[in-house]
Amino acid sequence: MGKHTYLVSVITPDRIGLTRDIAQAVVDLRGYISDMRQTIVSGFFSLIFVTEHEGEEVGAALRARLEALLPEGAVLAVMDHPETVRQAVPRAGQRYVATASGEDRPGIMLAIAGFMAGHGINIEDWSTLFDGPHVTHLAYVTFREAPADFKAVQAAFREALAAKGFDAQLCHEAIFRATGEVAPIKSIIQE
């Protein structure tokens, strides 16, 4: 017997109840969702998750149950996931938040991604918020190695995006939260 772990990805047109229905299919197979990320992009539901199941292998049954929930044309991947995953990109300590905002135009995502890759920064989570022609990019990032001069990296990020007409910031997650959340600063710092 033992534990079987799967990585599952679903992309389909959005509808109310999808997350519930998928979670129910996992529970019906005596599974536990141990990690997940779900979002809506241009009306499409996107979910990636890790599910753990004690006992028999249920990969084929999980795929069949999920396929029965989804409309034709949905994208579904169910793959074996090793119980221990080596971290391909080592994390140098803490998480940082990168923001960039300005009038949307081609090449902005490339400019941000290029800067991050060029400075050994891994993008862990990235989203965009649109308000008419204005867009705000918000990303959680980590450094492969702690920078020798973080202030220089911050300044370089601001300058690189300013050249594209964007206001940009790169700051420690605690600073971002302290200036962006309505909560006592002491409780944010102590987490």
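Here, the structure is the one placed above.
Residues numbered from 1 in each chain as written. Predicted model: local features only at pLDDT ≥ 70, side-chain atom pairs only at ≥ 80, totals over all residues. Heavy atoms only, no water.

Concerning a nonpolar patch on the surface
Okay, so step 1: Together, Ile11, Phe44 and Val75 make up an exposed nonpolar region whose accessible area comes to about 250 Å².
Okay, so step 2: Using a relative accessible area of 42% as the deciding quantity, one classes phenylalanine 44 as partly exposed. (Patch = residues over 30% accessible without salt bridge, like charges linked within 9 Å, V, L, I, M, F, W, Y side chains within 5 Å. Areas by Shrake-Rupley, 256 points an atom, 1.4 Å probe, with all protein chains shown as cover. Salt bridge = Lys/Arg side-chain N within 4 Å of Asp/Glu carboxyl O. Buried < 20%, exposed > 50% of the residue type's maximum accessible area, 1.4 Å probe, protein only.)

As for the pattern of salt bridges
Okay, so step 1: Summed over all chains, the structure comprises 7 salt bridges.
Okay, so step 2: Put simply, arginine 37 and aspartate 125 hold a salt bridge, and the shortest N to O gap is 3.4 Å. One end of the pair, arginine 37, is in strand β2 (residues 31-41); the other, aspartate 125, is in strand β6 (residues 121-131), with 88 residues separating them in the sequence.
Okay, so step 3: Aspartate 125 sits in the partly exposed class, given a relative accessible area of 24%.
Okay, so step 4: A salt bridge links glutamate 67 to arginine 63, with the shortest nitrogen-to-oxygen separation between them at 3.5 Å. (Helix = DSSP H or I, 4+ residues; strand = E, 2+ residues; numbered from the N terminus.)

Describing the packing of aromatic side chains
Okay, so step 1: Tallied over the full model, the rule gives 4 aromatic pairs.
Okay, so step 2: An angle of 90 degrees between the planes, with centres 5.1 Å apart, marks the rings of tyrosine 96 and phenylalanine 143 as edge-to-face. Taken together, the positions of tyrosine 96 in strand β5 (residues 96-103) and phenylalanine 143 in strand β7 (residues 134-143) put the pair 47 residues apart, joining distant regions of the chain.
Okay, so step 3: For tyrosine 96, a relative accessible area of 14% gives the class buried. (Phe/Tyr/Trp six-rings, centres within 6.5 Å; stacked < 30°, edge-to-face > 60°.)

Brief notes about the side chain of histidine 53
Okay, so step 1: You can see histidine 53 is positioned in strand β3 (residues 44-54).
Okay, so step 2: Judged by its relative accessible area of 0%, histidine 53 is buried.
Okay, so step 3: Within the structure, histidine 53 has its side chain in polar contact with the side chain of threonine 51 (distance 2.9 Å).
Okay, so step 4: Ignoring any residue separated from it by four or fewer positions in sequence, one finds histidine 53 in contact with Gly2, Lys3, His4, Tyr6, Val26, Leu29, Arg30, Gly31, Val58 and Leu62. (Polar contact = N/O pair within 3.5 Å; in protein donor to acceptor, adjacent residues only side chain to side chain. Contact = heavy atoms within 4.5 Å.)

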